Amino acid sequence: MRIVCIGGGPAGLYFALLMKRLHPRHEITVVERNRPFDTFGWGVVFSDATMQSMQQWDPETAATIEDSFNHWDDIELLFKGRRIRTTGHGFVGIGRKRMLNILQDRCLALGVELVFEREVSSDTEFPDADLIIASDGVNSRIRARYADVFKPDMVVRPNRYIWLGTDKRFDAFTFDFRKTAHGWFQAHIYRFDASTSTFIVETTDEVFKAHGLDKMDQDASIAFCETLFAETLDGHKLLSNARHLRGSAWLNFGRLICDTWSHFNGRSHVVLMGDSAHTAHFAIGSGTKLAIDDAIELARQFDLAGHGRGSIAEVLTRYEEVRRVDVARIQNAARNAMEWFEVVGQRYADTLEPEQFMYSMLTRSQRISHENLRLRDKAWLENFERWFAQRAGIEVSSNGPPPPPMFTPYKVRDLHLHNRIMVSPMAMYSAVDGVPNDFHLVHLGARADGGAALIFGEMTCVAPEARITPGCLGLWNDEQERAWQRIVDYVHRHTPAKIGIQLGHAGRKGSTRVAWEGMDEPLAAGGWPLISASALPYLPHSDVPRAMTRADMDRVIAEFVAATRRAARIGFDILELHAAHGYLLSSFLSPLTNIRDDEYGGSHENRARFPLEVFRAVRAAWPEAKPTSVRLSTHDWFDGGNTPEDAAIFARMFKDAGADLIDCSSGQVVNDQKPVYGRLYQTPFSDKIRNEEHVATIAVGAISEADHANSIIAAGRADLCAIARPHLADPSFVIHEAAKIGFAGQAWPKQYLSARAQYEANLARAAAEAAAR
Ligand SMILES: Cc1cc2nc3c(=O)[nH]c(=O)nc-3n(C[C@H](O)[C@H](O)[C@H](O)COP(=O)(O)OP(=O)(O)OC[C@H]3O[C@@H](n4cnc5c(N)ncnc54)[C@H](O)[C@@H]3O)c2cc1C
Ligand SMILES: Cc1cc2nc3c(=O)[nH]c(=O)nc-3n(C[C@H](O)[C@H](O)[C@H](O)COP(=O)(O)O)c2cc1C
């Protein structure tokens, strides 16, 4: 085959040498506009894992790179006068120039033709090529030429950064945060050869402009950074790479995703590789890794399918299929890390103490979890756990094992919880006339025995017409009150758990079938009239609700208050107001479901008016010493709907009205929502609300193991974790998770103690067997 790589960065060079090595009869040319020793940038960094796959694919190149790189294990934080260090992180740093020279030498040794100082304008300059690799970087001309095929989606991010170097040799990956009169700057610093370190300075656009950096030339910008980081630089200079610098030298990162990566131009197959296909923010330092992995995968696919022209189309399809998965994973992690640095000033640096700030920074991509940190640096993590436990009011001896964060206690008003896990409200559709029965006693009782500190009953409706389905629970009459009393008494007498009630009104999502007969489908018979903020049906064929009148509002408030009084009499420990998921109160909050033109529609203040009236009335009827939470849909997942920014505004309003906790759920407001699911997918909304609005939060959604919960609580992304489906699968979820992570402090019900030793021994044996394999 005749192969041309347009662009001699890591992607083009590495692919060229791999293909030549695998199949020496290929004719391969790399065309690069720069001179061989002429490149932008300072050092690049990648993980030990990338080095391992390079060793496998071309041991010679890997060995030369290994001779030249700087390896380090430590990460150091400089923050508020503190210096905090952890180890075990395993990175390698190498000068970009050095790395490219190694790849160039290896290409030449294998017989790849290298053409320098040739600017390519089009792929059609190589009509005899069978395969053209568009490895021409983030501003790829080839991609632009076929933009209608590749459909690039480039999002320019708000932060500004400048990529500098210094001759100070740092012995750890160092993050330095400095506050000025206008806000925060951060430096990402790592050494990449014997005498030089990369020094990237980053800040928000607002702070950048407030300092007039947009009007400064390069020299003035560099002088500004030298003064700001003088203490860290310790007399050393910051160096610029003049050829690379454009304009003021401050850049914005562009996040790139393409619809498709290959195209046949009539003569040759053209394929995107590396930065021309996708970008990942430097906050997790993975751009070079992605380029290298792309090159390896494409070469691997040729090896599998055969190195002839006939396999090119199939190979390109397979390459894209395989790489897309990994690229999406890294881009997700990079996005989390990038967003962390975009909001770090106000959200974390101004609020968190250095210990927790460090933890939050280390877990910023959400790829490194609590137990990962333990594997990397056990001593540091245990110290952190000890610090965290002390903050939660536990005395931990300096040699005893500290409890993991999810097993620390939490107090709100007079409610004491012995850990941070709650069973999330879950409708069971198993009541008749709203009355809890034996099913509910066993269901909630089993979960109260299962280790969670707080059990929530399902959405409990304040009137017959407030129900979602005929099987929903209620609290509007004495029979229901008596039946609930039995459950609450069981929990209080027989378990260490506390129990909460979630009060709600279904609004336009009412009068539907139980879940297993058709979720959200209207009842065929025996239904009831619906009310909502506006007269909009949930599904096209749902019953149309009546837009609430003032009289309706007064009646509903009275129903909530009556149910609250009953809940207080029964002795529930906490009350949650359900203002999420498109039910009545949520229908007021979302502009998608509230199109009113009176004082209950329009602005945030107006949309929140009725839900706040209900909340205030409930709060007044609820014992002062007992807390309340409010569940919000913190994202409508639909254009024109509420976003986490809107949710933060509502959270602030409920906090000001006396809510103690905001329970951060999302969606279910409109049926054609487009949620983006994934592990901990709603936790960022909790994080935002907790750390920007300074109100305690509950995180919920796809939190499915102790490791997740520990990471969330430790990083301060939430105060409690609500866990729903895992508790349906396993009533003793918390007890089992404690055993899995070897935490001995979780109590078992005394009646079940004889099972404990056997359960823990089986787990230990399975872990030992897995380790031996
Ligand atoms: C501030 C910053 C820090 C970074 N830090 C890291 C890090 O620590 N670790 C990491 O892995 N990655 C890092 N990256 C990303 C990394 O630089 C890229 O992701 C990586 O170089 C991608 O490799 P590539 O071969 O696809 O593209 P590039 O390295 O951009 O190579 C493209 C090549 O094509 C050439 N070219 C472009 N157009 C033409 C043309 N028309 N004709 C001929 N030649 C052309 C260019 O001169 C260039 O040499 C960082 C990036 C930035 C901006
Ligand atoms: C069967 C079922 C019923 C639910 N009922 C309610 C409910 O009554 N009130 C509520 O606020 N959320 C309800 N939810 C949502 C859960 O509380 C939780 O927010 C959601 O399942 C995400 O958490 P998970 O990933 O741990 O399951 C329900 C979820 C399930 C699976």
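This is a predicted model, so every value here is computed, not measured.

A.B. asks: Help me understand the nonpolar core, please; the structure alone is not making it clear to me.
C.D. replies: What tends to happen in soluble globular proteins is that the nonpolar side chains get buried as a cluster. In this structure, Tyr-14, Phe-15, Phe-177, Leu-298, Phe-357 and Phe-610 are the most contacted members of the largest nonpolar core, which totals 202 residues. In terms of residues, this core owes the most to one element, helix α11 (residues 312-349), which gives 15 residues. Other than its neighbours up to four places away in sequence, Tyr-14 contacts Met-54, Trp-57, Asp-58, Thr-61, Leu-103, Ile-292, Ala-295 and Ile-296.

A.B. asks: Hey, could you run me through helix α8 (residues 218-228) in this one?
C.D. replies: Because an α-helix completes one turn every 3.6 residues, residues spaced three or four positions apart along the sequence face the same direction. All of the buried residues in α8 are Ser-221, Ile-222, Phe-224, Cys-225, Glu-226 and Leu-228. Buried residues in α8 make contact with β11 (160-166), β12 (173-179), β13 (184-191), β14 (197-203), α9 (230-233) and β15 (238-239). Two to three positions downstream of the cap, the backbone nitrogen of Asp-219 sits 3.3 Å from a side-chain oxygen, assigning the N-cap of α8 to Asp-217.

A.B. asks: Looking at this model, I keep getting lost on the site of ligand 1. Mind explaining?
C.D. replies: Surveying the vicinity of ligand 1 reveals 32 residues, the closest of which are Glu-32, Val-45, Arg-96, Asp-275 and Thr-288. Contacts to ligand 1 include Arg-96, whose side-chain N or O atom sits 2.8 Å from an oxygen atom. Look at ligand 1: alone it shows 1000 Å² of surface, and the protein chains cover 92% of it. Of all elements in the fold, only α1 (10-22), β3 (43-47), β11 and α10 (287-305) reach the threshold of two or more residues within the shell around ligand 1. At four residues, the largest contribution of residues to the shell around ligand 1 is made by α10. Residue composition of the shell around ligand 1, by class: 13 nonpolar, 11 polar and eight charged.

A.B. asks: What's the story with the sheet that holds strand β2 (residues 27-31) in this structure? I'm lost.
C.D. replies: In a beta sheet, neighbouring strands are held together by backbone hydrogen bonds and run either parallel or antiparallel to one another. Pairing is mixed across the open sheet formed by six strands, whose spatial order is β8-β2-β1-β9-β18-β17. At either end of the open sheet lies a strand with only one pairing partner, and these are β8 (113-115) and β17 (262-264). Sheet twist, expressed as the mean angle between neighbouring strand axes with direction ignored, is 15 degrees. Direction of pairing for strand β1 (residues 2-6) relative to strand β9 (residues 131-134): parallel, over a ladder of four bridges.

A.B. asks: Looking at this structure, I do not really get the pairing of β13. What am I missing?
C.D. replies: Consecutive side chains along a regular strand alternate between the two faces of the sheet. In terms of burial, β13 is largely enclosed, as seven of its eight residues are buried. As paired strands, β12 and β13 are joined by six bridges and run antiparallel to one another. For Lys-179, the partnering residue across the bridge sits in β13 and is Trp-184. Summarising the sheet, β13 and β14 pair through seven bridges and their orientation is antiparallel. Counted as the bridge partner of Arg-191 is Ser-197 from β14.

Definitions and limits used
- Residues numbered from 1 in each chain as written.
- Chains lettered and ligands numbered in written order.
- Predicted model: local features only at pLDDT ≥ 70, side-chain atom pairs only at ≥ 80, totals over all residues.
- Heavy atoms only, no water.
- Core = buried A, V, L, I, M, F, W, Y, C linked by side-chain atoms within 4.5 Å.
- Buried < 20%, exposed > 50% of the residue type's maximum accessible area, 1.4 Å probe, protein only.
- Helix = DSSP H or I, 4+ residues; strand = E, 2+ residues; numbered from the N terminus.
- Contact = heavy atoms within 4.5 Å.
- Polar contact = N/O pair within 3.5 Å; in protein donor to acceptor, adjacent residues only side chain to side chain.
- Near = heavy atom within 4 Å.
- Areas by Shrake-Rupley, 256 points an atom, 1.4 Å probe, with all protein chains shown as cover.
- Nonpolar A, V, L, I, M, F, W, Y, C, P; charged D, E, K, R; others polar.
- Pairing = 2+ DSSP bridges.
- Axes fitted to C-alpha atoms, helices over the stretch in contact; angles between N-to-C directions.

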